[in-house]
Structure formats: structure tokens, C-alpha cells
Amino acid sequence: GPSSRGAEVLQPGGGPCEMAGPAWCTVESDPGVFTELITRIGVDGVQVEELYSLDEASLREVAPVYGLVFLFKWNPSVKVERATVDAEHVYFAKQVITNACATQAITAILMNCDDIDKGPHLTQLKSFTASFSPEMRGLALSNCEEVRTAHNSFARPEPFVFEQRVAKEDDDVFHFISYVPVGGRLYELDGLQAGPIDHGEVGAGKDDWLKLASEVVTKRIEQYSREEIKFNLLALCKDRRKVYTERIAELEAADAAANAGDIAQLKARLDAEHAKYAQWKVDNVRRRHNYIPFVMTLLGMLADNGSLGDVIDKAKAAEKERAERRQKAKGGAADAASS
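Residues numbered from 1 in each chain as written. Predicted model: local features only at pLDDT ≥ 70, side-chain atom pairs only at ≥ 80, totals over all residues. Heavy atoms only, no water.

Q: Describe in detail the overall build of the chain, supporting the description with residues and values.
A: Helix and strand counts for the chain come out as 11 helices and six strands. Residue burial in the chain is summarised as follows: out of 339 residues, 39% are buried. Considering only residue pairs separated by 6 or more positions, the chain has 77% of its internal contacts joining residues 24 or more positions apart. Looking at the chain as shown, the accessible area adds up to about 19,400 Å², and 53% of this sits on carbon and sulfur atoms. (Helix = DSSP H or I, 4+ residues; strand = E, 2+ residues; numbered from the N terminus. Buried < 20%, exposed > 50% of the residue type's maximum accessible area, 1.4 Å probe, protein only. Contact = heavy atoms within 4.5 Å. Areas by Shrake-Rupley, 256 points an atom, 1.4 Å probe, with all protein chains shown as cover.)

Q: Help me get a handle on the confidence of the model for the chain, residues and values and all.
A: Per-residue confidence for the chain averages 85 on the pLDDT scale, and 83% of its residues sit at or above 70. Below a pLDDT of 50 lies the segment residues 1-21, which in the model reaches 48 contacts outside its immediate sequence neighbourhood of four places, other chains included. (pLDDT = per-residue confidence, 0-100.)

Q: Which residues make up the nonpolar core, and what values do they have?
A: Core analysis: the biggest nonpolar cluster contains 46 residues, and Phe34 and Leu236 have the highest contact counts within it. The leading source of residues in this core is helix 3 (residues 101-112), at eight residues. Not counting residues up to four positions away in its chain, the partners in contact with Phe34 are Val27, Glu28, Ser29, Val48, Ala102, Ile106, Phe176 and Leu234. Ranked by size, the runner-up nonpolar core spans 20 residues in total, among them Leu59, Leu68, Val216 and Val217. (Core = buried A, V, L, I, M, F, W, Y, C linked by side-chain atoms within 4.5 Å.)

Q: Tell me about the pairing of strand 2 (residues 65-73), residues and numbers included.
A: Of all the nine residues making up strand 2, eight are buried; the element is thus mostly covered by neighbouring parts of the structure. Across seven bridges, strand 2 lies against strand 6 (residues 231-238) in antiparallel orientation. Residue pairing across strands places Val69 opposite Leu234, the latter belonging to strand 6. Bridge count for strand 2 against strand 3 (residues 174-182) is six bridges, and the pairing is antiparallel. The residue bridging Lys73 from the neighbouring strand is Phe174, located in strand 3. (Pairing = 2+ DSSP bridges.)

Q: Help me get a handle on helix 3, residues and values and all.
A: Taking 1.5 Å per residue, 12 residues should reach 16 Å; helix 3 reaches 16 Å between its end C-alpha atoms and fits that length. The element helix 3 is largely enclosed, with a buried count of 12 among its 12 residues. Residues Cys101, Ala102, Thr103, Gln104, Ala105, Ile106, Thr107, Ala108, Ile109, Leu110, Met111 and Asn112 constitute the buried set of helix 3. (Expected span 1.5 Å × (residues − 1).)

Q: Account for a nonpolar patch on the surface, with residues named and values stated.
A: On the surface, Tyr291, Phe294, Val295, Met296, Leu298 and Leu299 cluster together into a nonpolar patch covering about 570 Å² of accessible area. The partly exposed category is assigned to Leu298, whose relative accessible area is 38%. (Patch = residues over 30% accessible without salt bridge, like charges linked within 9 Å, V, L, I, M, F, W, Y side chains within 5 Å. Salt bridge = Lys/Arg side-chain N within 4 Å of Asp/Glu carboxyl O.)

Q: Can you lay out unusual backbone geometry for me, pointing to particular residues and giving the numbers?
A: Cis geometry is found at the peptide bond from Ala63 to Pro64, where omega equals 0 degrees. Looking at the secondary structure, you find Pro64 in the loop between helix 2 (56-61) and strand 2.

Q: Quick rundown of the environment of Ser153? Include the residues and the values.
A: In this fold, Ser153 is placed in the loop between helix 6 (145-152) and strand 3. Exposure remark for Ser153: the relative accessible area of 17% places this residue in the buried category. Along the backbone, Ser153 and Arg288 are 135 residues apart, and their C-alpha atoms lie at a distance of 7.9 Å. Apart from residues no more than four positions distant in its own chain, Ser153 is found in contact with Arg40 and Arg288. There is a polar contact of 2.6 Å between the side chain of Ser153 and the backbone oxygen of Ala150. (Polar contact = N/O pair within 3.5 Å; in protein donor to acceptor, adjacent residues only side chain to side chain.)

Q: Let's hear about the packing of helix 1 (residues 31-41) against helix 3: which residues, and what values?
A: Between helix 1 and helix 3, the shortest axis-to-axis distance is 11 Å and the interhelical angle comes to 60 degrees. When the axis of helix 1 is compared with that of helix 3, the two are oblique. Our pair here, helix 1 against helix 3, has a crossing hand that is right-handed. Taken together, the residues of helix 3 that come into contact with helix 1 (itself represented by Phe34, Leu37, Ile38 and Ile41) are Ala102, Thr103, Ile106, Thr107 and Leu110. Of the residues assigned to the contact of helix 1 with helix 3, the class counts are seven nonpolar, two polar and no charged. (Axes fitted to C-alpha atoms, helices over the stretch in contact; angles between N-to-C directions. Parallel < 35°, antiparallel > 145°, perpendicular 65-115°, else oblique. Left-handed = near helix turned anticlockwise from the far one by under 90°. Nonpolar A, V, L, I, M, F, W, Y, C, P; charged D, E, K, R; others polar.)

Right, here's the structure in full:
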């Protein structure tokens, strides 16, 4: 995500966080990645689900929902003034380091939800930074060893070390923000803003806030051009395995025979969740695996049998074709916008 430029490096003494350490890596926006990241931080009973629709049925499928994370393409040239509020009961932290916005958006929800067991690390961090300014909280979070280590566990092996460069105009830069209910109101938490953004009062029901959040997110998406489709919406919700296990136990205790159909359906869903978690584990192992020795060996073998030149030529031709398609698509979007 984009970084907060010109942040002053403050040095609070003591506490659970060390104020020095390595940079943060980029993290893929994937439910399996974020679910494991949350678990590594020490939080139990929470998972991340991708949402493809904001209709009531889709949201009911993942209830209870603790908060929403919205990923969008960030355009630094578009300056939007957002009215922020000074809400002391909302835990808000500024983003003061590059690539931290994904984890920061998730921890913003975890820190503000009383229904979640935050685990020892986040509980201690929240207590330690309770009196801090948003800038100091952001610095403390960004340098908290446990959170940073969990985040950087998804770093990909790189054969070469490059200096970090500033994103160019043509680069796709993405940013994560959170929506979370606190004290009967819906707040948008964006680490690049001065403070929380109050979107108004929510209903008395536990999940009534989702209706207002759906309206806010939909309105946000509509502000972008019709050609822009690079959005991602994630829900932080209760571990579906626990939801289904608890519901099965309730139905069996009430009347197992009468509820046999519902129990069978819930058990099928539970099996599907276990399979999904198993696949997430495999995918995350592959994300971390160092494929560089394999690639280097393969390139050497192709060079030895004289095939490397042909492979390179095909790759160049394919990349040229992709670049031409991208340029053509941009030209079409510009024509549509001007008409």
C-alpha cells in the first residue's frame, strides 16, 4: 500500500514493541494469507472470507462479521478531502511505513472488536499504546516484532536485492482500508487519513451495521470510472468451522432425529471448510517456497540443449502482445471517458 510520506520517526521508550527492524514485504490479497497471518499474530477464532456481493444473503453466509476490508487502486494524484473525527473510543493508528496497510487494516478491526479474543500480543500492544497519538500508534504497530514477523513470514525469496523505488504513474498501487462498527456507529479506518471517518449511526441488531457499510462501499466504488474493476472486499468473520460445529451441537442437543437434514447439511459445510483450510495451507507453503534453484537449473538445461533462445523469443513476443492489449484497452477507456 502507499506510505504516509514525511512521517516523523518518534521513539517511545519501553513497551512490547522494538523500534528497529527490517522493512515490511508486500502481501498478496488472499483470504488464506490473511487468515494465517491473523493466527500467527496470536488471534484465535477469526478467519477472512472474500465477498463477491454485498447483498443480504451473501453477508448472512459469513455472519457474524466483525469488520470489512476494502482494497482499491490508489491514485496519489486524486486528493479527496475526508472529514475525520476525534473519537477517543475508536482505536486508530496512522500508517507510517510502506507495505503495512494490509496488516494495518486487519489489525484495525481486531483492535476495535470486543467480541474477538485478541491474543497476548495485540492485547498488550493495545494497552501499551492506549494513550498514544495515531502517529505513535502507527509507529508502534509497524515496529511490533510479533506483528511484523507474522506479516513478513509471507516474504517471497528474491535472488537479487533491489532498492525500493517510488511508484510511477503507470504502476498499479493498491491500498487497504477498514470498516468497523464501534459504539453503535460505523467508522472507516484509513491509515493515510488524519483520523477515523464517521459514517453514521447503525441499527441495534448485531449485524445491522452491514447494511450501512454496504451502502458506503457501493458509493465508494461508484466514484471511480466504469472501467476500473480492481477492487477487493474481504470480511473478517468468525471461524466458519466453529460456527458450524456449534450449530451442529445445538441441533443435536435439541432433537437430533428431527434436525437430521439440517445437521447433515452443516456437516457437509464443515467438511468443505476443513478442505478449504487444508488447501490454504498448501497454497501458503507454495507462496513461501524458494523456486529459484529450480528455475536456474531449468534455464541451464535449456541453454545446454540450445532451446533457451527460442524460449526467450517466445516470452518477448508474448509480453509485447500483452503490452499492446493493455495500451489498446487504455486508449478505449480514454475515448469512452471523453465521449
